[in-house]
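This is what each chain is made of:
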Amino acid sequence: MYYGGDYNPEQWDEVVWLDDVRLMREAGVTMTTLGVFAWSRIQPDEHTFDFEWLDKIIDLLHENGIGVDLATATASPPPWAAKKYPGILPEDENGSTYWPGSRQAYSPSSPDYRRLAARLVTAIADRYHSHPAVVLWHVNNEYGCHLAYDYSDNAARHFRLWLQRRYGDIDTLNRAWGTAFWSQLYGSFDEIVPPRKSPYSVNPGGVLDFRRFSSDTLLELFVMERDIIKAAGASQPVTTNFMGPFQPLDYWAWADEVDIVSDDNYFEPNDPFSFRAAAFTRDLMRSLKPRTPWLLMEQATNVVSFRPTNAPKAPGQMEALSMQAVGRGADGILFFQWRQSRRGSEKFFSAMVPHAGLETRTWREVKSLGQTLSSLPAFPPKTTDDGEMGSGARVALVFEWANWWAISQPDHPVRLDWLALVQRWYSALHRQNIAVDFVHTGSDLSAYALVIVPHLYLLTDDGADALKEFVNGGGRLLVTPFTDIVDAEDAFRDGGFQVGLRSILGVCVEEFGALVPPPVRTSQDSAGAAVSTTISADEPGQRAAMIDAPFGVVRGEYVAEEIRVLDEQVVIDARYADGRTAGMPALTSRVSGRGVAHYLASVPDDAGMRAITRWLADLAGVQAVFEVASEWVEVARRGDVLTLINHGTDDVSLDVAGADFVTGEAVSGVVLGQYGWRMVRV
Ligand code: GLA
């Protein structure tokens, strides 16, 4: 179990370093991330490398038994680099340059950036690959943060090469993008520019490919650095820190390239429900690399400084959320940063050693967490009963970046905030403590009883085949509105909608039936469920479509799709109760092979999502990890260890029996106060 944080000794006099390592030992720190933003310190000019200070601090950490997650420092080129090679600077869609003076001002496609970065990484890897302090390599930092899309000339050249590799010839690209529309036919690849500022909607096929290209391009940088590190003889694992559900990067592809997934997570402490969003992120990180524990690479000990208002964490909140990460598969808890900066943009950002000193709650909590983590036994190896992930999840949610990119484009029947919707589907399950894995359609789905496909507008041919195979093999599938509309090129298939899944669903959509978007949710009930303001479905400008379902009346939002039933094997489970679509089917099921495929034609509100997921879980024979009456209590499984956490203000008693994971003592019932947690081996 790693414990520690980003350490920036270059900001401090050496005398402070001695204090740092002493305090690190006191706090139980086992690993620090070193050198993330130290490029200008390591290489003060193009021809000079200064490793003396880095040698000294790495040795000092090593002498004190503290491991190093050594960064490659390539996230922020020094000012001399931009002065000498102005082409390394990226540009926005208006052609404006992002100048040095902050951080991360580099064009990922710039050959000069790549050459300089490769040289730096080679020097670092050659020097430290066998240093015994180095336990992990930290490539760059938060790829894509602040700047994921570069529209510069370097990017344009690189984009064209990427397109040439993808399509081979320009006619194929023209067909894929549908450039016959609006006179966009290209004569050659040279005519293509990134989707820069244009008078109106830019070609959606082109925008989708630019998103693919941008994720791939940053990944090329990661792979370049990783390969340099490995070629130098390093045997330590290599990671780069992800940022949860970060739209620009397809983390499925990235997860294949990193040895360990690591994640940075800064939840809003003022939001009493942020523990659900945090759980969502933890489960996504765990799912990205099955069978491999991940690291919480950065979180804040207390306040952050990047929001307009930066509230402190409540006492105990940091520990509760840290244990949530461990319970959901993390093998390390780290912070940004070790010592609070005295100067610079993030000087108000909390740290393990606060500027306010050691007589602080933050420092006490940091020490206490270090102690707690060091007392945890190793997690038991995963058994086959736990599934590949050890979470025991029998429910999977499909999460695909290409769909996120495509569904977020304009000119659709209705604007759907896809991430928010997926998070709501997840929350519906999380509120019931039903374990969830995230998958993509290429994942092995055989371990799951229930797969939910949330609004998968873009469904590839292979994806459709995989979902059909899952159902025919005995799985239960829920297909939600606005799924299976376009192929990988963002084009309609021949024959209407749901062409990919039609054979198992037995239905297809005739009209999407957009509804007036639901009102912004401002209130929540005591259990954390959002409360929507009910507006009659009959009003002009219909907001909702009520659905009469076997599990109660459900309020449908965003769309009330008109679906056509295609064969008599389709069972209509629910119909619209009112409005334009009154009496029409709203939820169907159809047996296909050994399984069942459901189609849902409207987006339920939170209560409706809870009801339908409960209904489906029962039908699929899926049980909660642990049944708890209070929705403030979350329970996660990791192997045979349950982590129970109370995020609510009232004490809760839980009827759990087993052995305390830390002490081994018998447990028969636990009482948890606010932010109380317990790990129990069952
Ligand atoms: C990111 C970066 C850190 C720091 C924190 C806090 O996670 O990786 O360097 O800037 O944010 O804002």
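Residues numbered from 1 in each chain as written. Predicted model: local features only at pLDDT ≥ 70, side-chain atom pairs only at ≥ 80, totals over all residues. Heavy atoms only, no water.

*Asks:* What should I look at first to understand the sheet that holds strand E6 (residues 241–242) in this one?
*Replies:* Pairing between the strands of a sheet is mediated by backbone hydrogen bonds and can be parallel or antiparallel. The strand order across the open sheet built from nine strands is E5-E4-E3-E2-E1-E9-E8-E7-E6, with neighbouring strands paired in parallel fashion. Both edges of this open sheet fall to strand E5 (238–239) and E6, since each of them pairs with a single strand only. Direction of pairing for strand E1 (residues 2–7) relative to strand E2 (residues 31–34): parallel, over a ladder of four bridges. Its bridge partner lying in E2, glycine 5 is registered against threonine 32. Of the strands in this sheet, E1, E2 and strand E3 (67–71) are in contact with helix H3 (residues 52–63), which crosses E2 at around 170°. Lying on the sheet, helix H10 (residues 274–288) is in contact with E6, strand E7 (262–264) and strand E8 (294–298); it crosses E8 at an angle near 130°. (Pairing = 2+ DSSP bridges. Helix = DSSP H or I, 4+ residues; strand = E, 2+ residues; numbered from the N terminus. Contact = heavy atoms within 4.5 Å. Axes fitted to C-alpha atoms, helices over the stretch in contact; angles between N-to-C directions.)

*Asks:* Which parts of the structure should I look at to understand the side chain of aspartate 263?
*Replies:* Tracing the backbone shows aspartate 263 in strand E7. Despite its burial, aspartate 263 remains without a salt bridge, the nearest opposite charge being carried by arginine 282 at 5.2 Å. Sequence-distant contacts of aspartate 263, defined by excluding residues within four places in its chain, comprise Phe242, Met243, Gly244, Thr281, Met285, Trp294, Leu295, Leu296, Met297 and Glu298. (Buried < 20%, exposed > 50% of the residue type's maximum accessible area, 1.4 Å probe, protein only. Lys, Arg positive; Asp, Glu negative; His and termini not counted. Salt bridge = Lys/Arg side-chain N within 4 Å of Asp/Glu carboxyl O.)

*Asks:* Please clarify how the sheet that holds strand E26 (residues 652–660) should be interpreted in this entry.
*Replies:* Spatially, five strands are ordered E24-E25-E28-E26-E27 in an open sheet, and the strand pairing comes out antiparallel. Edge positions in the open sheet fall to strand E24 (633–638) and strand E27 (666–672), since each of these has one partner strand only. Across this sheet, the average inter-strand angle for adjacent strands is 25°, counted without regard to direction. Where E26 meets strand E28 (residues 677–681), two bridges bridge the pair, whose relative direction is antiparallel. Bridging across to E28, aspartate 660 finds its partner in valine 680.

*Asks:* Would you mind showing me how to read the pairing of strand E18 (residues 552–560) here?
*Replies:* Most of E18 is tucked away, with seven of its nine residues classed as buried. When strand E17 (residues 545–549) meets E18, the two strands line up antiparallel, connected through five bridges. Its bridge partner lying in E18, alanine 545 is registered against glycine 556. Where E17 hands over to E18, the hairpin turn is made up of two residues, counted between the paired strands. Note: E18 against strand E23 (residues 602–604), three bridges, orientation antiparallel. Counted as the bridge partner of glycine 556 is proline 604 from E23.

*Asks:* Can you walk me through the packing of helix H1 (residues 14–27) against helix H12 (residues 361–374) in this structure?
*Replies:* Helix packing geometry: the angle between the two helix axes and the distance between the axes. One way to put it is that H1 packs onto H12 with a least axis distance of 8 Å and a crossing angle of 60°. Taken together, H1 and H12 sit at an angle that is classed as oblique. Between H1, through Leu23, Glu26 and Ala27, and H12, the contact on the second element is made entirely by Trp363, Val366, Lys367 and Gly370. Class assignment for the residues of the contact of H1 with H12 results in four nonpolar, one polar and two charged. (Parallel < 35°, antiparallel > 145°, perpendicular 65-115°, else oblique. Nonpolar A, V, L, I, M, F, W, Y, C, P; charged D, E, K, R; others polar.)

*Asks:* Whenever I open this one, the domain arrangement of the chain confuses me. Can you help?
*Replies:* For interface size, the figure often reported is the accessible area lost on association. According to the domain assignment, the chain consists of domain 1 (393–620) and domain 2 (633–681). Taken over C-alpha atoms, the centre of domain 1 sits 34 Å from the centre of domain 2. (Domains from an automatic or database assignment.)

*Asks:* Would you mind showing me how to read the pattern of salt bridges here?
*Replies:* Any two side chains of opposite charge can pair if their charged atoms end up close together. Across all of its chains, the model carries 39 salt bridges by this definition. Across the pair aspartate 227 and arginine 226 runs a salt bridge whose closest N-O atoms are separated by 2.9 Å. Looking at aspartate 227, the relative accessible area reads 38%, which means it is partly exposed. Arginine 638 is the salt-bridge partner of aspartate 331, the closest N and O atoms lying 2.7 Å from each other. Taken together, the residues span a long stretch of sequence, with aspartate 331 in strand E9 (residues 330–335) and arginine 638 in strand E24 at a distance of 307 residues.

*Asks:* Would you take a moment to explain the site of the ligand for this structure?
*Replies:* Within the structure, the ligand sits among Phe37, Arg103, Asn141, Glu142, Asp264, Tyr266, Glu298, Phe306, Phe336, Glu346 and Phe349. Take glutamate 142: an N or O atom from its side chain is 2.4 Å from an oxygen atom of the ligand. The separation between an oxygen atom of the ligand and a polar side-chain atom of glutamate 346 is 2.6 Å. Calculation on the ligand without its partners gives an accessible area of 300 Å², and the protein chains cover 95% of this total. Residues belonging to the shell around the ligand are distributed by class as follows: five nonpolar, one polar and five charged. (Near = heavy atom within 4 Å. Polar contact = N/O pair within 3.5 Å; in protein donor to acceptor, adjacent residues only side chain to side chain. Areas by Shrake-Rupley, 256 points an atom, 1.4 Å probe, with all protein chains shown as cover.)

*Asks:* Which parts of the structure should I look at to understand the packing of aromatic side chains?
*Replies:* Each pair of aromatic rings is reported with the distance of its centres and the angle of its planes. Counted by the stated rule, this structure contains 43 aromatic pairs. For the pair phenylalanine 242 and tryptophan 254, a centre-to-centre distance of 6.4 Å together with 85° between the ring planes defines the contact as edge-to-face. In this pair, phenylalanine 242 sits in strand E6 while tryptophan 254 sits in helix H9 (residues 251–257), placing the two residues twelve residues apart along the sequence. Ring pairing ties together the aromatic residues Tyr143, Phe222, Phe242, Tyr251, Trp254, Phe280, Phe399, Trp401, Trp404, Trp418, Tyr426 and Phe438, which thus form one cluster. Arginine 339 extends its terminal NZ or CZ atom over the ring of tryptophan 12, reaching a point 5.5 Å from the ring centre. (Phe/Tyr/Trp six-rings, centres within 6.5 Å; stacked < 30°, edge-to-face > 60°. Lys NZ or Arg CZ within 6 Å of the ring centre and 35° of its normal.)

*Asks:* Teacher, can you tell me more about the nonpolar core here?
*Replies:* Generally speaking, soluble globular proteins have nonpolar side chains that are buried together. If you look at the biggest cluster of nonpolar residues, it comprises 194 residues, and the most contacted ones within it are Trp137 and Phe399. Here this core gets ten residues from one element, more than from any other, and that element is helix H5 (residues 111–128). Each of domain 1 (393–620) and domain 2 (633–681) gives at least three residues to this core. Every residue in contact with phenylalanine 399, bar those within four places of it in the chain, is listed here: Pro245, Trp252, Phe280, Leu284, Trp404, Trp418, Leu419, Val422, Phe438, Val439 and His440. Counting residues in each nonpolar core, the second largest holds 13 residues, with Val628, Leu642, Leu654 and Val670 among its members. (Core = buried A, V, L, I, M, F, W, Y, C linked by side-chain atoms within 4.5 Å.)

*Asks:* Quick question: what am I supposed to make of the layout of surface pockets here?
*Replies:* A probe as big as a water molecule, rolled over the atoms, marks out the empty space that is left. In this structure, the second largest pocket occupies an estimated 770 Å³ of space. The wall of the second largest pocket is formed by 29 residues, among which Gln11, Phe37, Ser76, Ser102 and Arg103 lie closest to the centre. Among the secondary structure elements, those contributing two or more residues to the lining of the second largest pocket are helix H2 (39–42) and helix H4 (79–84). The residue inventory of the lining of the second largest pocket, partitioned by class, reads twelve nonpolar, twelve polar and five charged. (1 Å grid on protein atoms, 1.4 Å probe; cavity = no way out; pocket = protein on both sides within 12 Å on 5 of 7 lines; lining within 4 Å. Points joined across faces, edges and corners; volume = space filled by probe spheres on them.)

*Asks:* Looking at this structure, how should I read a nonpolar patch on the surface?
*Replies:* A cluster of nonpolar residues, Phe181, Trp182 and Tyr200, forms a patch on the protein surface that exposes about 400 Å² of accessible area. By secondary structure assignment, the location of phenylalanine 181 is in the loop between helix H7 (170–177) and helix H8 (204–231). (Patch = residues over 30% accessible without salt bridge, like charges linked within 9 Å, V, L, I, M, F, W, Y side chains within 5 Å.)

*Asks:* Just checking my understanding: could you explain H10 for this structure?
*Replies:* Helical periodicity: at 3.6 residues per turn, an α-helix aligns residues three or four positions apart in one direction. In this model H10 runs 21 Å from its N-terminal to its C-terminal C-alpha over 15 residues, within 8% of the 21 Å that 1.5 Å per residue would give. With 14 of 15 residues buried, H10 is to be regarded as a mostly interior element. (Expected span 1.5 Å × (residues − 1).)

*Asks:* Explain the environment of valine 628 here, please?
*Replies:* By secondary structure assignment, the location of valine 628 is in the loop between helix H17 (606–620) and E24. For the pair valine 628 and glycine 495, spaced 133 residues apart in the sequence, the C-alpha separation amounts to 47 Å. With sequence-adjacent residues up to four places away left out, valine 628 is seen in contact with Asn433, Val633, Val635 and Leu654.

*Asks:* Honestly, the environment of valine 135 in this entry has me stumped. Any pointers?
*Replies:* Looking at where valine 135 falls in the secondary structure, it is placed in strand E4 (residues 134–138). Separated by 104 residues in the primary sequence, valine 135 and methionine 31 place their C-alpha atoms 8.1 Å from one another. Each residue touching valine 135, except ones within four places of it in the same chain, is listed here: Tyr2, Met31, Gly67, Val68, Gln236 and Pro237.

*Asks:* Just checking my understanding: could you explain H8 for this structure?
*Replies:* Given a rise of 1.5 Å per residue, 28 residues ought to cover 40 Å, and the 40 Å separating the end C-alpha atoms of H8 matches this to within 8%. Trailing H8 by a residue or two, glycine 233 shows a phi angle of about 105°, which is positive.

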